[in-house]
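# Observations on the three-dimensional arrangement
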Amino acid sequence: MSSKDAPPPLPEPLGVPVADSHTHLDMQSGTVEEALTKAAAVGVETVIQVGCDLKGSRWAAETAAAYDTVWAAVALHPNEAPRIVLGDPDGWSRQGAREGGGDAALDDALAEIDRLAALPEVKAVGETGLDYFRTGPEGMAAQERSFRAHIEIAKRHGKALVIHDREAHADVLRILAEEGAPERTVFHCYSGDADMARTCAEAGYYMSFAGNVTFKNAQPLRDALAVAPLDLVLVETDAPFLTPAPYRGRPNAPYLVPITVRAMAAVKGIDEEAMSTAIGVNTARAFDY
């Protein structure tokens, strides 16, 4: 294994425990037990396991039912909706190549998300939203229909809504306003600027910051974090993606959260303990556990 593929070393443990508000354990190497043990060793005591498709959402719910420190979020990722409707000939997602099933197939998939969202171990509906980076104009209608349906499911079950917003800020905010956002709405891997952070704060939306807040070129993200109210800020890994500096490009995992927490504390001008305390309280409030 080259050093580039090697997992980074364990960081100094946090003095106050926190939660990883967004992770994909099913895409990481090693067992769930190993991931949770390493995370707990550095003060990351809770993880939210997030589904991106039917298979992943079922797995998230099962895993949350099996482990006390795991909660689940279930959804069709914004890029999954067009694949269900229009097909996925190149098999880009983990399902392999698929035929399009039209609106009826999307309805069937949403019905299954609705069923899973009712489970007590499922604390959120997500990640849902809009992604204009990977889906072209032909997929936008399916994305939007799916997003609006997920908002309705979250509200009906009284669950948090976890948003994936990639290069679609204005439309995501508009649709949330049109539909009426759930009481607890989380922008996962927050990617907006300081102005958008002010808009989110006014609406009471949570902003979850990932390892990319540590990247050299991420000053706009740090500016957003600086103006985000402390009681609306969460931390996440989005593992195995977005590994914080200095390990960018290597596999991410929940145990690396402390690196991001320390970077966030520096941006907020507060000590690590105050940052961790806020994150721990906020995550429990956002996901109602």
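Residues numbered from 1 in each chain as written. Predicted model: local features only at pLDDT ≥ 70, side-chain atom pairs only at ≥ 80, totals over all residues. Heavy atoms only, no water.

## Describing the side chain of Asp 20
- Counting through the fold element by element, Asp 20 comes out in strand β1 (residues 18-23).
- Lys 38 provides the closest opposite charge to the buried, salt-bridge-free Asp 20, at an N-O distance of 13 Å.
- For Asp 20, the contacting residues outside a window of four places in its chain are Val 44, Thr 46, Val 47, Ile 48, Val 235, Glu 236, Thr 237, Pro 254 and Val 257. (Helix = DSSP H or I, 4+ residues; strand = E, 2+ residues; numbered from the N terminus. Buried < 20%, exposed > 50% of the residue type's maximum accessible area, 1.4 Å probe, protein only. Lys, Arg positive; Asp, Glu negative; His and termini not counted. Salt bridge = Lys/Arg side-chain N within 4 Å of Asp/Glu carboxyl O. Contact = heavy atoms within 4.5 Å.)

## Section: the environment of Ala 40
- Following the sequence through the fold, Ala 40 ends up in helix α1 (residues 32-41).
- With a relative accessible area of 43%, Ala 40 lands in the partly exposed category.
- Expressed as a C-alpha distance, the spacing of Ala 40 and Ala 104, which sit 64 residues apart in the sequence, is 43 Å.

## Observations regarding the packing of helix α9 (residues 257-268) against helix α10 (residues 272-287)
- Relative orientation of the contacting elements α9 and α10 amounts to 110 degrees, with a least axis distance of 9 Å. Considering their axes alone, α9 and α10 lie roughly perpendicular with respect to each other. Taken together, the residues of α10 that come into contact with α9 (itself represented by Val 261, Arg 262, Met 264, Ala 265 and Lys 268) are Glu 272, Met 275, Ser 276 and Ile 279.
- The residue inventory of the contact of α9 with α10, partitioned by class, reads 5 nonpolar, 1 polar and 3 charged. (Axes fitted to C-alpha atoms, helices over the stretch in contact; angles between N-to-C directions. Parallel < 35°, antiparallel > 145°, perpendicular 65-115°, else oblique. Nonpolar A, V, L, I, M, F, W, Y, C, P; charged D, E, K, R; others polar.)

## Examining unusual backbone geometry
- The amide bond that connects Ala 239 to the next residue, Pro 240, takes the cis arrangement and shows omega of 15 degrees.
- For Cys 189, which is not a glycine, the phi torsion comes out positive at approximately 45 degrees.
- Along the polypeptide, Cys 189 turns up in the loop between β8 (185-187) and α7 (194-203).
- Owing to a relative accessible area of 13%, Cys 189 belongs among the buried residues under this scheme.

## Topic: the pairing of strand β2 (residues 44-50)
- Along β2, 6 of the 7 residues are buried, which leaves the element largely enclosed by surrounding structure.
- Between β1 and its parallel partner β2, the chain crosses via α1, and the hand of that crossover is right-handed.
- The pairing of β2 with strand β3 (residues 70-74) spans 4 bridges and is classified as parallel. Within β3, the position partnered with Val 47 by the bridge is Val 70.
- Assessed by its sense of winding, the connection that carries the chain from β2 through helix α2 (residues 54-66) to β3 is right-handed. (Right-handed = clockwise from strand over helix to strand, strands pointing away. Pairing = 2+ DSSP bridges.)

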